[in-house]
Amino acid sequence: MTTFLLAGNPGLEADGPWISIPFCSMYLIAILGNSLILFVIKTQQNLHQPMYLFLSMLSVTDLGLSVSTLPTILSVFMFNTREIGVDVCLTQLFFIHTFSIMESSVLLAMAFDRFVAIRHPLRYASTLTSARIGHIGLAIIIRGSGLHIPAVILLKRLRYSKIQPLSYSYCLHPDVMKMACADTTPSSFYGLFIVLSSLGLDSVLIVLSYIMIFKTVQSITSWQERLKALNTCVSHICATLLFYTPLISLSMIHRFEKKALPQSQILLSYLHLLLPPVLNPIVYSIKNKEIHKRIMKIFQNYSTNRLQWEH
């Protein structure tokens, strides 16, 4: 029976329990932060608007990414448990890549939301109806999962040696594919197709959306109105940069830096999967006045109730 060996940080294996502390903290912040965003949007009727519905989708994908990577990362750093079966590895691989594609798709949908809001404000409500947003959400799920079912099937059909060491503390498509003792050309080409048709296409469309947004903003005569329009895009721009910057950097290292230190690749991989779930709720709770106000009200009510209970 084939078994994969998960990797930690090279040279820091003895410090695994200490390294697990910041990882646990980041996962806790990610889960609590995104759950709080979802709770606020669900309970506040006035936040059932397109922008906040897309934000709730982003929080769901961030939670999915966190939950997909959490078990194996903690098992490696806290318990030094490195063995993982092929089926479990492929299942984790499927969910990690599916939620990554879903996050990219949600960011594209949010870019479209900002484009419509700024370019066609009078048609905003009629364009992004609740039914259309529901269809967009369903399309995002089908696209993310549908693209990776064939990828998992192709990997499952490959032959592997009995024990294979992986490069990360979780399973990724290129890493698992390298472990095969057979021709991986179909799997490799299909993996390239997934990247180009999802992450590649989404990033290009997001850039085009913002080019059109900036052109529209330039046509506004009032500087105050320009700043007001651009301010609504700041949170989304931050979320997009948090998602794509580590991903692009990792791709560049794989493509051009053949002698790059493994620590740099591992660090960028962690940043790509951990930073967005941790920082997206913080960015939106700070930059979005409605979210910020509702969260502060929750904490104030909690503090008041606690004081009353103590007295």
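Just so we're clear, the structure is a prediction, and the values are computed from it rather than from any experiment.

K.L.:
Give a description of the UniProt feature "transmembrane region" (unreviewed entry) in the protein that names residues and reports values.
P.N.:
Those residues carrying the UniProt feature "transmembrane region" (unreviewed entry) are residues 20-41, 53-74, 94-112, 133-155, 189-213, 234-254 and 266-286 in this numbering. Overall, residues 189-213 shows 100% helix and 0% strand. The separation of its end C-alpha atoms is 35 Å. Helix and strand shares over residues 266-286 are 100% and 0% respectively, and the end C-alpha atoms of the span are 30 Å apart.

K.L.:
I'd like a rundown of the pattern of salt bridges, residues and numbers included.
P.N.:
Scanning the entire structure with this criterion turns up five salt bridges. Of the charged contacts, one joins Asp202 and Arg143 as a salt bridge, the two residues approaching to 2.9 Å between their closest N and O atoms. On the criterion of sequence distance, the pair formed by Asp202 in helix 7 (residues 185-218) and Arg143 in helix 5 (residues 130-156) is long-range, its members being 59 residues apart. When its relative accessible area of 1% is taken as the criterion, Asp202 is described as buried. Judged by relative accessible area, which is 22%, Arg143 ranks as partly exposed. Its salt-bridge partner being Glu290, residue Lys293 comes within 3.7 Å of it at the nearest N-O pair. Note that Lys293 and Glu290 are positioned in helix 11 (residues 289-310) at a spacing of three residues, about one turn of the helix. One salt-bridge network, in which partners are shared between bridges, spans Glu290, Lys293 and Arg294.

K.L.:
Residue-level account of the packing of aromatic side chains, with values.
P.N.:
The final tally for this structure, using the stated rule, is eleven aromatic pairs. Of note, Arg226 hangs over the ring of Trp223, and the distance from its end group to the ring centre comes to 4.8 Å.

Parameters at a glance
Residues numbered from 1 in each chain as written. Predicted model: local features only at pLDDT ≥ 70, side-chain atom pairs only at ≥ 80, totals over all residues. Heavy atoms only, no water. UniProt positions renumbered as here; feature names shortened; annotations may be inferred. Helix = DSSP H or I, 4+ residues; strand = E, 2+ residues; numbered from the N terminus. Salt bridge = Lys/Arg side-chain N within 4 Å of Asp/Glu carboxyl O. Buried < 20%, exposed > 50% of the residue type's maximum accessible area, 1.4 Å probe, protein only. Phe/Tyr/Trp six-rings, centres within 6.5 Å; stacked < 30°, edge-to-face > 60°. Lys NZ or Arg CZ within 6 Å of the ring centre and 35° of its normal.

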